[in-house]
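# Structural overview for review
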Amino acid sequence: MGIIEARNLTKRFNGLTAVDHINLDVEEGEIFGFLGPNGAGKTTTIKMLTTLLRPSEGEAKICGYDVVRQPSSVRKVIGVVFQEPALDDRLTGWENLDFHARLYGLDGRDREERIEEVLELVGLKDRADELVENYSGGMKRRLEIARGLIHWPRVLFLDEPTLGLDVQTRRAIWEYILKLNRREGITVFLTTHYMEEADYLSHRVAIIDHGKILAVDKPKNLKDMIGGDIVIVSCSDPKPLARELGKSNWVKEVKVRGGEVNIYVDFGEKKIPDIIMTAERLGVEIESVTLRKPTLEDVYLHFTGRRIREEEASIVEKMKNIRARRRWRR
């Protein structure tokens, strides 16, 4: 039995299905990545698993407790760090943790020792007495993680934990997540739209798109599903080149992306001369050739036909249109 279990978990809002009959099994002690663009259903899923939203259909259990019938028991065994900051800037780091620990019933010396432990874990022990308003974005995020750990939860939910942080700070947060997973033995359920983050941190990854889970496996296995190498050819006329290469028995798959042709092959470095000769024969001018291994971005593209950045841009555009319609109606 997994420490997190979901069966046909579904959430609808006014006829819109945000999460569509998903099934999950997360094992104790693993870091489980939930990968998808904004609007894919990641946060809605977390809110159901953490008892903040009631499912429209299906069921979920955390540590054996039903999220609908036993919400109080669920809340005792989980810690949550949401996208939006929820710290009191007018208190110090220590005071934020102390307040939260009291809410969970930690008393006296146990409370003080636990605050010391989690501050040490996230590297904020020497900044504990500073007001949070003076913390950097990365420090605030680390303090929120410490707060989520204060009551010894068995599962920590992190919803886009590095959103809006610079690359260096993001990588520092990754190391803290790995450290707490090792030292505390805690199960981490992590939502993200950063491919590299999911790849680096997760023991297993679930890819979600439009409320549906499309694949679940170890990052390596998902990338091996694509297989081989990817040769990316930027050229003057990609469509005829893609059609011609698609006829070759050594080409697994060909995709046209704007002015590029993505060619999926084994032993890509040996196939580049054949690709160039094919382009020359067709009169297609090659601007550049790139060879690389598959990434989770390619896995997402394989299952959805889109890159996650394109999906995010599409969602932003939809939101702009919705706002424009609302203004027009006024």
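Right, let's walk through the structure included here. (Residues numbered from 1 in each chain as written. Predicted model: local features only at pLDDT ≥ 70, side-chain atom pairs only at ≥ 80, totals over all residues. Heavy atoms only, no water.)

### Regarding the pattern of salt bridges
- With the rule as written, the count across this model stands at 28 salt bridges.
- In this structure, Arg 154 and Glu 28 form a salt bridge, with 3.4 Å as the shortest nitrogen-oxygen distance. Of this pair, Arg 154 sits in the loop between helix H5 (137-149) and strand E7 (155-159) while Glu 28 sits in the loop between strand E2 (16-26) and strand E3 (31-35), and the two are 126 residues apart along the sequence.
- For Arg 281, the salt bridge is made with Glu 244, and the minimal N-O distance between the two is 3.7 Å. Of the two residues, Arg 281 sits in helix H10 (residues 268-282) while Glu 244 sits in helix H9 (residues 238-245), which places them 37 residues apart along the sequence.
- A cluster of three or more residues bridged by salt bridges with shared partners is formed by Asp 98, Arg 102 and Arg 111. (Salt bridge = Lys/Arg side-chain N within 4 Å of Asp/Glu carboxyl O. Helix = DSSP H or I, 4+ residues; strand = E, 2+ residues; numbered from the N terminus.)

### What to know about a nonpolar patch on the surface
- Taken together, the side chains of Phe 99, Leu 103 and Tyr 104 make up a nonpolar region of the molecular surface, amounting to roughly 330 Å² of accessible area.
- With respect to the secondary-structure elements, Tyr 104 resides in the loop between helix H3 (93-103) and helix H4 (108-121). (Patch = residues over 30% accessible without salt bridge, like charges linked within 9 Å, V, L, I, M, F, W, Y side chains within 5 Å. Areas by Shrake-Rupley, 256 points an atom, 1.4 Å probe, with all protein chains shown as cover.)

### Overview of H9
- Pro 238, Leu 241, Ala 242 and Leu 245 are the residues of H9 that are buried. Down the axis of H9, the buried side of the element spans an arc of 100°, and every buried residue falls inside it. Summarising the geometry of H9, the exposed residues directed more than 90 degrees from the buried face are Lys 239 and Arg 243. (Buried < 20%, exposed > 50% of the residue type's maximum accessible area, 1.4 Å probe, protein only. Arc of directions from axis to C-beta.)

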